[in-house]
Amino acid sequence: MKFFIDTANLAQIQEAYDLGVLDGVTTNPSLMAKEGITGHDNIIKHYLAICDIVDADVSAEVIATDYDGIIEEGTKLAALNEKIVVKVPMIKDGVKAIKYFASKGIKTNCTLVFSAGQALLAAKAGATYVSPFVGRLDDVSTDGMQLIEDIRLIFDNYGYETQILAASVRHPMHIIQCAKIGADVITAPLSAIAALLKHPLTDSGLAQFLADHAKAAGK
Ligand code: G3P
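Caption draft 1: Examining the site of the ligand more closely. Around the ligand, the structure places Asp 6, Asn 28, Leu 31, Phe 133, Arg 136, Ala 167, Ser 168, Arg 170 and Thr 187. Between Asn 28 and the ligand, the recorded distance is 3.0 Å, taken from a side-chain N or O atom to an oxygen atom. Interatomic distance of 2.7 Å between a side-chain N/O atom of Arg 170 and an oxygen atom of the ligand. When the free accessible area of the ligand is taken as 310 Å², the share hidden by the protein chains comes to 81%. Class assignment for the residues of the shell around the ligand results in three nonpolar, three polar and three charged.

Dropping the structure here:
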């Protein structure tokens, strides 16, 4: 399973990349705004800065919601760097645009997916990735992980190559559950990825090993 980091924070992207387990980066307009990145030129510079850090796919989201606007904006984003994946919302014009981008060999990530039907449409249009938002479904008392299972089944039934990119992942158990189901990718904040490192028995076991070693060495 690939690990993407879901942030526009350069320090966190660098930290995850240095850990050696990072396969990509996803951003969205909210994450860019959270880092105080505003204005077209600054946003473009920021995408390029992210591309400089990682040797991996970087999702850059279009703001346009009409077909022509999505094509124009997505084409420019894709031309910035070969790592850029054009992130397109799951709307009618978005699906049409994904089909266009697929015909041009431009990678896409269909975002804001909340149902199996939406994922199926994105796959039929030729999306590289489809992003079901598990945490936001959990937020409204709907089982986000069930959606990952449903999409996995549907894509496997027909051999769709679109990768399931589980998004809105909030904690380490979301990551484990996605891995058990067979999501292709998870995108998560650094905190959720780093939390996978932790176990109290690892900490106490290491402390004991070091103490025994020091005792045997007469320290
Ligand atoms: O990748 C989508 C993600 O950024 C949304 O996460 O936690 O705002 O639902 P969240």
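Caption draft 2: Up close: the packing of aromatic side chains. For the structure on display, the rule yields five aromatic pairs. Arranged with centres 5.6 Å apart and planes meeting at 75 degrees, the rings of Phe 4 and Tyr 129 form a pair that is edge-to-face. Here Tyr 129 lies in strand β6 (residues 129-132) and Phe 4 lies in strand β1 (residues 2-6), a separation of 125 residues in the sequence. Residue Phe 4 shares its accessibility class with Tyr 129, and that shared class is buried. Ring centres 5.7 Å apart and planes at 65 degrees place the aromatic pair Tyr 100 and Phe 101 in the edge-to-face group. Given the relative accessible area of 0%, Phe 101 is considered buried. Ring pairing ties together the aromatic residues Phe 155, Tyr 158 and Tyr 160, which thus form one cluster.

Conventions we followed
Residues numbered from 1 in each chain as written. Predicted model: local features only at pLDDT ≥ 70, side-chain atom pairs only at ≥ 80, totals over all residues. Heavy atoms only, no water. Near = heavy atom within 4 Å. Polar contact = N/O pair within 3.5 Å; in protein donor to acceptor, adjacent residues only side chain to side chain. Areas by Shrake-Rupley, 256 points an atom, 1.4 Å probe, with all protein chains shown as cover. Nonpolar A, V, L, I, M, F, W, Y, C, P; charged D, E, K, R; others polar. Phe/Tyr/Trp six-rings, centres within 6.5 Å; stacked < 30°, edge-to-face > 60°. Helix = DSSP H or I, 4+ residues; strand = E, 2+ residues; numbered from the N terminus. Buried < 20%, exposed > 50% of the residue type's maximum accessible area, 1.4 Å probe, protein only.

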